[in-house]
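# Secondary and tertiary structure notes
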Amino acid sequence: MTTTLHLPEADADLTPLEEARAQLRDAIDFLGLSEGKYEMLAHARREMTVAVPLRRDNGDLELFIGHRVQHNFTRGPAKGGVRYDPNVDLDEVRALAMWMTWKCALLDVPYGGAKGGVRIDPRNYSQTELERVTRRYTSELIPILGPEKDIPAPDMGTDEQTMAWMMDTYSVAVGHTVPSVVTGKPISLGGSLGRRESTSRGVVHVALAALESRGLRPAHSTAAVQGFGKVGRGAARFLDEADVAVLAVSDMYGAVHNPAGLDIPALEAHVDVTGSVVDFSGAEPLDRDALLELDVDLLVPAAHEGVLTSDNANRVRAKVIVEGANGPTSSAADRIFAENDILVVPDILANAGGVIVSYFEWVQGNQSYWWTADEVEERLRTRMLGSWKDVTAYAREHDLSLRSAATIMAVERVALAHRQRGLYP
Ligand code: NAD
């Protein structure tokens, strides 16, 4: 069994930013870096908070708060998603931006880390209203965006259409078309084949490797997937295609369970019609959060942060957890999983497929030369499995959890770039 580093002794669960900083602190201590370096990396390089007024379709006026946090851009332009969610707050965005820095460094893509968000529930607004919110939010951020400064991508509550609006708004402002200011845009505007499903594919590549590392053969394994959005839905589909029996899935409205395995294509067709997994005829209803405690080999949390905590960790029966979402596991839960010999594949490794293919999209756009879907997938697989091997080897060598190993490797790369560039002035 591996050990985790200096995780808090108390069972109290931390906020995402406290979690991110505790992970950084462990990495800094392990690497013998200075307190000053910790302070530099614990704080974002640049943050912007903007007011986003919206004239609703019915003439009413509403105001939303948006953020963009560029945690670090020492290794290249800042990179990270934009989230539309009613729970967005600045500290959460700060944590997500820091994790993006580690993710890009770990996967060795030449980017720093950023994250953005608007505190809005997109389900309550029309497409034309969301377009106006997106354009206003983007235009407020224009001074800090750009293909060499900061490159947004989709996250919770945003999609290819959001990226097309952001790209258009930026392009109009600078006077020429700049496709590479965003990734995850539609193929017709310079998006990459395979970007849409890249995060899910990456999750499944490492999930299969993780199952095998525990002596579990995919064809005899079972899984539960929390969240049925861009990441969770694809993860369920690719697990199914790899002959893993997906027994349960959930979304914000509820969960469905079939002990014999869900018919994923039929479930996807149901979701396309109804907008939710709930009431799928090929399964029994299940309490939404009970999904996390099912007796399965593999659990893929792919909804949002903070779902595996000291409250439920001792009831989790999965043998392997692969973090599709960012920050789903608290450090208190991590400690319990280590004690219970549950393998956790951390977010900065597990869900890095999206940023890898975002990087491929940026490279293809810069060269105006497009790869086939097979080329994209093969390069993604090679990068994901290469990082899986590197992280597991480092963890074994130093007797660390995969999360500690991945964070340390990433922090070391960022610290090296700081050292090589020197401190201005
Ligand atoms: P999304 O908005 O497309 O989907 C989110 C899904 O989670 C929806 O099905 C929603 O109904 C469900 N959900 C919300 N609350 C839930 C709850 N309490 N229980 C169960 N389901 C719930 O978002 P997404 O892009 O799939 O992102 C999901 C997670 O993956 C986030 O943590 C995000 O930061 C992370 N992530 C996304 C990408 C990407 O490329 N989209 C890349 C890396 C990481």
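Residues numbered from 1 in each chain as written. Predicted model: local features only at pLDDT ≥ 70, side-chain atom pairs only at ≥ 80, totals over all residues. Heavy atoms only, no water.

### Overview of the sheet that holds strand S2 (residues 61-72)
Taken together, the five strands give an open sheet; going across it, the order is S1-S2-S4-S3-S5, and neighbouring strands pair in mixed fashion. With one partner strand each, in any of the chains shown, strand S1 (46-55) and strand S5 (150-154) form the two edges of the open sheet. For this sheet the average axis-to-axis angle between neighbouring strands, irrespective of direction, equals 20°. Pairing of strand S3 (residues 78-84) with S5 involves five bridges; the strand directions are parallel. Opposite Lys79, over in S5, you have Ile151 as the bridge partner. (Pairing = 2+ DSSP bridges. Helix = DSSP H or I, 4+ residues; strand = E, 2+ residues; numbered from the N terminus. Axes fitted to C-alpha atoms, helices over the stretch in contact; angles between N-to-C directions.)

### A short note on the side chain of Ser200
With respect to the secondary-structure elements, Ser200 resides in helix H6 (residues 198-213). When residues no more than four places from it in sequence are discounted, the contact partners of Ser200 are Lys230, Val231, Gly234, Ala235 and Phe238. (Contact = heavy atoms within 4.5 Å.)

### A closer look at the sheet that holds strand S12 (residues 343-345)
If you trace the seven strands from one edge of the open sheet to the other, you get S9-S8-S7-S6-S10-S11-S12, paired in mixed fashion. Of all strands in the sheet, those bounded by a partner on one side alone are strand S9 (284-286) and S12. If you compare each strand with its neighbour and ignore which way they point, the axes differ by 20° on average. Taken together, the five bridges between strand S6 (residues 222-226) and strand S7 (residues 245-251) define a ladder with parallel strand orientation. Looking across to S7, one finds that Ala224 is bridged to Ala248. On the sheet, H6 packs against strand S10 (298-301), strand S11 (320-322) and S12 and is oriented at approximately 165° with respect to S11.

### As for the site of the ligand
As a matter of local geometry, the ligand sits amid 23 residues, with Asp155, Thr199, Lys230, Val231 and Asn326 nearest to it. One of the side-chain nitrogen or oxygen atoms of Lys230 is found 2.9 Å away from an oxygen atom of the ligand. Backbone polar atom of Val231 to an oxygen atom of the ligand: 2.9 Å apart, as the coordinates give it. Compared with its free state, where it exposes 830 Å², the ligand has 88% of that area covered by protein. Of all the secondary-structure elements, those providing two or more residues to the shell around the ligand are helix H7 (230-241) and S7. Each residue belonging to the shell around the ligand can be placed in one class, and the counts come to seven nonpolar, ten polar and six charged. If you count residues domain by domain, the shell around the ligand takes at least three from each of domain 1 (45-183) and domain 2 (198-350). (Near = heavy atom within 4 Å. Polar contact = N/O pair within 3.5 Å; in protein donor to acceptor, adjacent residues only side chain to side chain. Areas by Shrake-Rupley, 256 points an atom, 1.4 Å probe, with all protein chains shown as cover. Nonpolar A, V, L, I, M, F, W, Y, C, P; charged D, E, K, R; others polar. Domains from an automatic or database assignment.)

### Comments concerning unusual backbone geometry
Peptide bonds are, in most cases, trans, and in most cases residues other than glycine have a negative phi. Note the cis peptide between Tyr424 and Pro425, where omega equals 5°. Residue placement: Pro425 occurs in the segment after helix H13 (402-421). Even without glycine at this site, Asp279 takes up a positive phi of about 70°.

### Things to note about the pattern of salt bridges
Once the charged atoms of two side chains with opposite charge are near each other, the side chains can pair. What the rule picks out here adds up to 30 salt bridges. In this structure, the salt-bridge partner of Arg83 is Glu92, at a minimum N-O distance of 3.5 Å. Each member of the pair Arg83 and Glu92 is classed as buried. Connected through shared salt-bridge partners, Arg83, Glu92, Lys115, Asp155 and Glu305 make up one network. (Salt bridge = Lys/Arg side-chain N within 4 Å of Asp/Glu carboxyl O. Buried < 20%, exposed > 50% of the residue type's maximum accessible area, 1.4 Å probe, protein only.)

### Overview of the environment of Leu24
Checked against the element boundaries, Leu24 lands in helix H1 (residues 16-31). Take Leu24: its relative accessible area is 0%, and that puts it in the buried class.

### Description of the pairing of S3
When you tally the buried positions in S3, you get seven out of seven residues, the bulk of the element. Alignment of S3 against strand S4 (residues 112-118), held across five bridges, turns out to be parallel. Paired with Arg83 across the strands is Gly117, a residue of S4. The β-α-β motif built from S3, the intervening helix H3 (residues 90-106) and the parallel element S4 has right-handed crossover chirality. (Right-handed = clockwise from strand over helix to strand, strands pointing away.)

### Brief notes about helix H12 (residues 373-398)
Taking 1.5 Å of rise per residue, 26 residues should cover 38 Å, and H12 covers 38 Å from first to last C-alpha, within 8% of that figure. Within H12, burial applies to Val376, Glu377, Leu380, Met384, Ser387, Trp388, Val391, Thr392, Tyr394 and Ala395. Count one or two residues on from H12 and you reach Asp399, which has phi positive near 55°. (Expected span 1.5 Å × (residues − 1).)

### Overview of the nonpolar core
Counting residues in hydrophobic clusters, the biggest one holds 83 residues, and the most contacted among them are Trp102, Leu239, Val249 and Leu267. Element by element, the count of residues in this core is highest for H3, at nine residues. Built from parts of two domains, this core gets at least three residues from each of domain 1 (45-183) and domain 2 (198-350). Leave out the neighbours within four places in its chain, and Leu239 touches Val204, Ala207, Ala223, Val225, Val244, Val246, Leu298 and Val300. Residues Leu54, Tyr84, Tyr125 and Val133 belong to the second largest nonpolar core, which totals 24 residues. (Core = buried A, V, L, I, M, F, W, Y, C linked by side-chain atoms within 4.5 Å.)

Structural measurements only, silent on function.
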